[in-house]
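Each chain, letter by letter, is given below.
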Amino acid sequence: MTKHTSFCQTLGNLQHGCTLQELDQALTEALQASADTGKQSTVTVKLTIKPNGAGTYKIIDDVKTTLPKFEKEATVLFTDRDQQLVREDPRQQRLNLERVSDSGPIDLKAIPTEAAPKIKALN
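Remember, it's a predicted structure, so these values are computed and weren't measured experimentally.

**Quick word on the pattern of salt bridges**
Moving on, step 1. Summed over all chains, the structure comprises four salt bridges.
Moving on, step 2. Residues Glu71 and Lys39 are paired through a salt bridge, measuring 3.3 Å at the closest nitrogen-oxygen approach. Remark: Lys39 occurs in the loop between α2 (18-37) and β1 (42-51) and Glu71 occurs in the loop between β2 (57-66) and β3 (78-79); sequence separation between them is 32 residues.
Moving on, step 3. Looking at Glu71, the relative accessible area reads 68%, which means it is exposed.
Moving on, step 4. Ionic pairing is found between Glu88 and Arg94, a salt bridge with its closest N-O pair at 2.9 Å.

Structure below.
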């Protein structure tokens, strides 16, 4: 009966344990990206195994992640007469807006309750 090779133990031996650390980091980033975006992430481990003669092997590891991204909003730009992109619509009239100086808080007075109109009940 053939004894199975431990995948976890092999991963721990690759790059003196650095591959496992890389996988831990990749998994953490994938989980966070999926939580942030609500979209799917993937973590892929590829092991390339090359016989090196006399019962030895060279194992090359490759860890890849595919992380979701937030969708970007489109930027709306307009073209002017010279076909140059501009942020403001050249066909729209510009308003002459002026900054009003801040003269401090306005003192609002409460309406006295005696001056409030009385409402008669309808029977």
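**Quick notes on the environment of Leu67**
Moving on, step 1. With respect to the secondary-structure elements, Leu67 resides in the loop between β2 and β3.
Moving on, step 2. The partly exposed category is assigned to Leu67, whose relative accessible area is 34%.
Moving on, step 3. Linking Leu67 and Ala33, residues 34 residues apart in sequence, is a C-alpha distance of 6.3 Å.
Moving on, step 4. Leaving out residues up to four positions away in the same chain, Leu67 has contacts with Glu29, Ala30, Ala33 and Ser41.

Rules and cut-offs
- Residues numbered from 1 in each chain as written.
- Predicted model: local features only at pLDDT ≥ 70, side-chain atom pairs only at ≥ 80, totals over all residues.
- Heavy atoms only, no water.
- Salt bridge = Lys/Arg side-chain N within 4 Å of Asp/Glu carboxyl O.
- Helix = DSSP H or I, 4+ residues; strand = E, 2+ residues; numbered from the N terminus.
- Buried < 20%, exposed > 50% of the residue type's maximum accessible area, 1.4 Å probe, protein only.
- Contact = heavy atoms within 4.5 Å.

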